[in-house]
Amino acid sequence: ASCSDVSFILPDDVTLENEDFTPSFVSVSSLDITRPTEKMQTQILFGDVSQIHMSPSSLYITSTISQSQTAQEDQKCPENAKCIAPTYQYESTTLIHRYALENGTPKYVYTTKVTGNPMNQYSMDEDANGNFRIVTQSYAWSSGQNQNSTNLSVIDKTGKVIGSLSGLAPGENFQSARFIADRLYLVTFEQIDPLFVIDLSSPTAPKVLGELKIPGYSTYLHPYDTDRLIGLGYDTFTNQWGGTQNAGLKIDLYNVSDVKNPKQEATLTLGDNGSSSEVLTNPRAFVY
């Protein structure tokens, strides 16, 4: 491609001055599978890609940027104390680029920024009205304690954040998410597994409907029927030092017919500590 054919997707000057951003050349190609002999359409983007989400009408590309701080700013020592190894704090944010699909050709629409980072493609979704929904985790560590939290952002077709939930499950790590119509099912974990049921029927006012806390956690959620979800992940146990460790693989059947009181309808643990499965990192290895 010639330079004039490259689309440059860059943060604004202030962001570039204050945050770490490593762009690269990204090729976006489309092929009409009903006409396989026709030439593929290709665009070259100058930006960065960490995760993508595709809907029938849009392509969303996300990229991660980390706030850059000076050494003086990085030192988080107690007042009047000497630090041998000061902690370093970085705020990670996500750039979201939306492309509208017109006759197979992606056309740039907007770039916006949200706090934290998504986990995978299941952390993102587009509703029937074209609003983009994304779940991210904010990373923080203070006084030796995990201060991570999980956020939900709803973004309209123009790139404006119209609804959000922030600071969900403070001190816990985001493990999995699944959007199903106007509901979001969200799993976080520290020592037990909270399964959140979140209502998205009003994009400007999402709200938590119910929560289930059980041992272990799910790293992948799969729709079973209108009232149930399958959760795949790990059972856990408390070791002799009081820490939490993974046990065997765990398959849960969650009943969410009562959204205010989700329940664990059935559970099965396979293997023991050290067991693993491809499905925990590759959901396509799971078929129902």
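As the structure is a computational prediction, the values presented were derived from the model and not from experiment.

Novice: Even after reading the chapter, I still don't get the overall build of the protein, so can you show me in this structure?
Specialist: Broken down by element type, the protein carries two helices and 22 strands. The buried share of the protein, reckoned over its 288 residues, is 44%. For the protein, the share of sequence-separated contacts (at least 6 apart) that also reach a separation of at least 24 residues comes to 47%. Accessible surface computed for the protein: about 15800 Å², of which carbon and sulfur atoms make up 49%.

Novice: Looking at this structure, I do not really get the sheet that holds strand β4 (residues 41-47). What am I missing?
Specialist: In a beta sheet, neighbouring strands are held together by backbone hydrogen bonds and run either parallel or antiparallel to one another. Spatially, β1-β4-β3 is the arrangement adopted by the three strands of the open sheet, whose pairing is mixed. At either margin of the open sheet sits one strand with a lone partner, and together these are β1 (6-8) and β3 (24-30). The sheet shows a mean angle of 30 degrees between the axes of neighbouring strands, taken without regard to direction. Here β3 runs beside β4; their pairing, made up of seven bridges, is antiparallel.

Novice: Whenever I open this one, the sheet that holds strand β21 (residues 244-255) confuses me. Can you help?
Specialist: Pairing is antiparallel across the open sheet formed by four strands, whose spatial order is β19-β20-β21-β22. The open sheet has two edge strands with one neighbour each: β19 (217-225) and β22 (263-270). Neighbouring strand axes in the sheet, compared pairwise and without regard to direction, differ in orientation by 30 degrees on average.

Novice: Got a minute to help me understand the side chain of Asn117 in this structure?
Specialist: With respect to the helices and strands, the residue Asn117 is situated in the loop between β8 (105-115) and β9 (124-126). For Asn117, a relative accessible area of 10% corresponds to the buried category. Apart from the residues lying within four places of it in its own chain, the contact partners of Asn117 are Thr64, Ser92, Thr93, Thr94, Val135, Thr136, Gln137 and Tyr139.

Novice: Which parts of the structure should I look at to understand the nonpolar core?
Specialist: Nonpolar side chains in soluble globular proteins tend to be buried together. In this structure, Tyr185, Leu195, Leu221, Leu232, Tyr254 and Phe286 are the most contacted members of the largest nonpolar core, which totals 22 residues. Put simply, the parts of the chain that give this core at least two residues each are β16 (183-189), β17 (192-199), β18 (207-215), β19, β20 (228-238) and β21. With four residues, the single largest contributor to this core is β20. Residues Leu152, Ala169, Phe174 and Phe196 belong to the second largest nonpolar core, which totals 14 residues.

Novice: Would you mind going over a nonpolar patch on the surface with me for this structure?
Specialist: On the surface, a nonpolar cluster with roughly 280 Å² of combined accessible area is contributed by Phe8, Leu10 and Leu16. By the secondary structure assignment, Phe8 is in strand β1.

Novice: Teacher, can you tell me more about unusual backbone geometry here?
Specialist: Across residues other than glycine, the phi torsion is negative in most instances, and most of the peptide bonds are trans. Although it is not a glycine, Ala169 adopts a positive phi angle of roughly 50 degrees. With respect to the helices and strands, the residue Ala169 is situated in the loop between β14 (161-168) and β15 (173-180). Given the relative accessible area of 12%, Ala169 is considered buried. Even without being a glycine, Ala181 presents a positive backbone phi close to 55 degrees. Relative to the helices and strands, Ala181 is located in the loop between β15 and β16.

Novice: Even after reading the chapter, I still don't get the environment of Pro203, so can you show me in this structure?
Specialist: Tracing the backbone through its elements, the reader meets Pro203 in the loop between β17 and β18. Residues Pro203 and Asp127, spaced 76 residues apart in sequence, show a C-alpha to C-alpha distance of 9.2 Å.

Novice: Help me understand the packing of aromatic side chains in this model?
Specialist: Remark: the centre distance and the inter-plane angle together describe each pair of aromatic rings, the angle taken between the planes. Applying the stated criterion across every chain, the model contains eight aromatic pairs. Ring geometry for Tyr224 against Tyr288: centres 5.2 Å apart, planes inclined by 35 degrees, an arrangement best described as tilted. Of this pair, Tyr224 sits in strand β19 while Tyr288 sits in the segment after β22, and the two are 64 residues apart along the sequence. On the basis of relative accessible area, Tyr288 is assigned to the exposed category, the value being 57%. Counting every residue linked through ring pairs, the aromatic cluster contains Tyr122, Tyr220 and Phe286.

Novice: What's the story with the pattern of salt bridges in this structure? I'm lost.
Specialist: Should the charged atoms of two oppositely charged side chains come close, the side chains can pair. One pass over the structure, following the stated rule, counts seven salt bridges. For Glu102, the salt bridge is made with Lys107, and the minimal N-O distance between the two is 3.2 Å. Note that Asp125 and Arg133 form a salt bridge whose closest N and O atoms lie 2.7 Å from each other. In this pair, the class of Asp125 matches that of Arg133, namely buried. It is possible to trace a salt-bridge network through shared partners that takes in Asp225, Arg228 and Glu265.

Novice: What should I look at first to understand the confidence of the model for the protein in this one?
Specialist: Regions with low pLDDT should not have their predicted coordinates read in detail. Put simply, the protein has an average pLDDT of 84, and 89% of its residues get 70 or more. The least confident element of the protein is helix α2 (residues 71-74), whose mean pLDDT is 44; the most confident is β9, at 96. Per-residue pLDDT stays below 50 along residues 70-75; that stretch engages in seven contacts with residues further than four places along the chain or on separate chains.

The rules behind the values
- Residues numbered from 1 in each chain as written.
- Predicted model: local features only at pLDDT ≥ 70, side-chain atom pairs only at ≥ 80, totals over all residues.
- Heavy atoms only, no water.
- Helix = DSSP H or I, 4+ residues; strand = E, 2+ residues; numbered from the N terminus.
- Buried < 20%, exposed > 50% of the residue type's maximum accessible area, 1.4 Å probe, protein only.
- Contact = heavy atoms within 4.5 Å.
- Areas by Shrake-Rupley, 256 points an atom, 1.4 Å probe, with all protein chains shown as cover.
- Pairing = 2+ DSSP bridges.
- Axes fitted to C-alpha atoms, helices over the stretch in contact; angles between N-to-C directions.
- Core = buried A, V, L, I, M, F, W, Y, C linked by side-chain atoms within 4.5 Å.
- Patch = residues over 30% accessible without salt bridge, like charges linked within 9 Å, V, L, I, M, F, W, Y side chains within 5 Å.
- Salt bridge = Lys/Arg side-chain N within 4 Å of Asp/Glu carboxyl O.
- Phe/Tyr/Trp six-rings, centres within 6.5 Å; stacked < 30°, edge-to-face > 60°.
- pLDDT = per-residue confidence, 0-100.

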